[in-house]
Amino acid sequence: DVQLVESGGGSVQAGGSLRLSCVASSDMYRKNCMGWYRQAPGKEREGVAAIDSNGNMRYGQSVKGRATIVRDNDYSVTLLMKDLRPEDTATYYCATDLFKCGSVVVGTKSWRELEAWGHGTQVTVS
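Since this is a predicted model, take the numbers as computed values, not measurements. (Residues numbered from 1 in each chain as written. Predicted model: local features only at pLDDT ≥ 70, side-chain atom pairs only at ≥ 80, totals over all residues. Heavy atoms only, no water.)

Novice: Please explain the overall build of the chain as it appears in this structure.
Specialist: When helices and strands are counted, the chain shows 1 helix and 11 strands. Across the chain, helices and strands are ordered from the amino to the carboxyl terminus as β-β-β-β-β-β-β-β-β-α-β-β. Taking 14 Å as the expected radius of gyration for a compact globule of 126 residues, we find that the chain reaches 13 Å, a close match to that expectation. The principal-axis extents of the C-alpha atoms in the chain amount to approximately 40 × 25 × 25 Å. Per-residue burial for the chain yields a buried fraction of 45% across its 126 residues. By sequence separation, contacts in the chain at least 24 residues apart represent 61% of the contacts at least 6 residues apart. With the model as given, the accessible surface of the chain reaches about 6500 Å², and the carbon-plus-sulfur share is 46%. Taking the 15 positively charged and 14 negatively charged side chains of the chain as two groups, their mean positions are separated by 5 Å. (Helix = DSSP H or I, 4+ residues; strand = E, 2+ residues; numbered from the N terminus. Rg over C-alpha atoms; globule rule 2.2 N^0.38 Å. Buried < 20%, exposed > 50% of the residue type's maximum accessible area, 1.4 Å probe, protein only. Contact = heavy atoms within 4.5 Å. Areas by Shrake-Rupley, 256 points an atom, 1.4 Å probe, with all protein chains shown as cover. Lys, Arg positive; Asp, Glu negative; His and termini not counted. Charge placed at Lys NZ, Arg CZ, Asp CG, Glu CD.)

Here you go:
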């Protein structure tokens, strides 16, 4: 099975920035899309950003202008966020799929349809 490992989470003050990294195992199809999704306690999981193998990007409305997703290589993706707000506090998950990553971010598909997930990294903004 595809394994995804996130890193970079932690505590940051409001107005600060962070970068999260995700690395996939080599059995992931190299043309898969990859994305970042987050879930706060008591809330539904929501899309943050996604990128496909062609470099097409999608961003969630709540982070537009504050987030950038970068495909470092076929198996690695980085999320850059700035001007962080307390409402950004959540567990951030990396996921991959053949093609549905962006659809989940824009809300036309459920996150439950994605093929593989990491275990998540906690981000706390205070």
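Continuing now.
Novice: Please clarify how the packing of aromatic side chains should be interpreted in this entry.
Specialist: This structure, assessed with the given rule, holds 3 aromatic pairs. Between Y93 and W117 the ring centres are 6.3 Å apart and the planes differ by 85°, which places this aromatic pair in the edge-to-face class. Of this pair, Y93 sits in strand β9 (residues 90–97) while W117 is found in strand β10 (residues 116–117), placing the two residues 24 residues apart along the sequence. Classification of Y93 by relative accessible area gives buried; the value is 15%. A relative accessible area of 22% means that W117 is categorised as partly exposed. Residues W111 and W117 carry aromatic rings whose centres are separated by 5.8 Å and whose planes lie at 90° to one another, so their mutual orientation is edge-to-face. Judged by relative accessible area, W111 falls into the buried class, the value being 18%. The rings of Y37, Y93, W111 and W117 are connected pair by pair, giving a single aromatic cluster. The ring of Y93 carries R45 above its face, with NZ or CZ at 4.0 Å from the centroid. Between the NZ or CZ atom of K100 and the centre of the ring of F99, over which it lies, the distance is 4.9 Å. (Phe/Tyr/Trp six-rings, centres within 6.5 Å; stacked < 30°, edge-to-face > 60°. Lys NZ or Arg CZ within 6 Å of the ring centre and 35° of its normal.)

Novice: I would appreciate a short explanation of the nonpolar core in the present structure.
Specialist: Side chains of a nonpolar character, in soluble globular proteins, are inclined to be buried together. In this structure, M34, W36, V77, L79, M81 and Y92 are the most contacted members of the largest nonpolar core, which totals 27 residues. At the level of secondary structure, the elements contributing two or more residues to this core comprise β3 (18–24), β4 (33–39), β5 (46–51), β7 (67–73), β8 (76–81), β9 and β11 (121–125). If one sorts the elements of this core by residue count, β3 sits on top with 4 residues. Y37, A95, V104 and W111 belong to the second largest nonpolar core, which has 9 residues in total. (Core = buried A, V, L, I, M, F, W, Y, C linked by side-chain atoms within 4.5 Å.)

Novice: Would you take a moment to explain the state of the cysteines for this structure?
Specialist: In protein chemistry, a disulfide is the covalent bond that joins the sulfur atoms of two cysteines. What the rule picks out here adds up to 2 disulfides. Here C33 is linked by a disulfide to C101, with a sulfur-sulfur distance of 2.0 Å. Its torsion about the S-S bond being 85°, the disulfide of C33 and C101 is classed as right-handed. Of this pair, C33 sits in strand β4 while C101 is found in helix α1 (residues 101–106), placing the two residues 68 residues apart along the sequence. Here C33 matches C101 in class, with each residue buried. Shown here for the chain is a disulfide pattern of 1-3, 2-4, where each number marks a bonded cysteine counted in sequence order. (Disulfide = S-S within 2.5 Å.)

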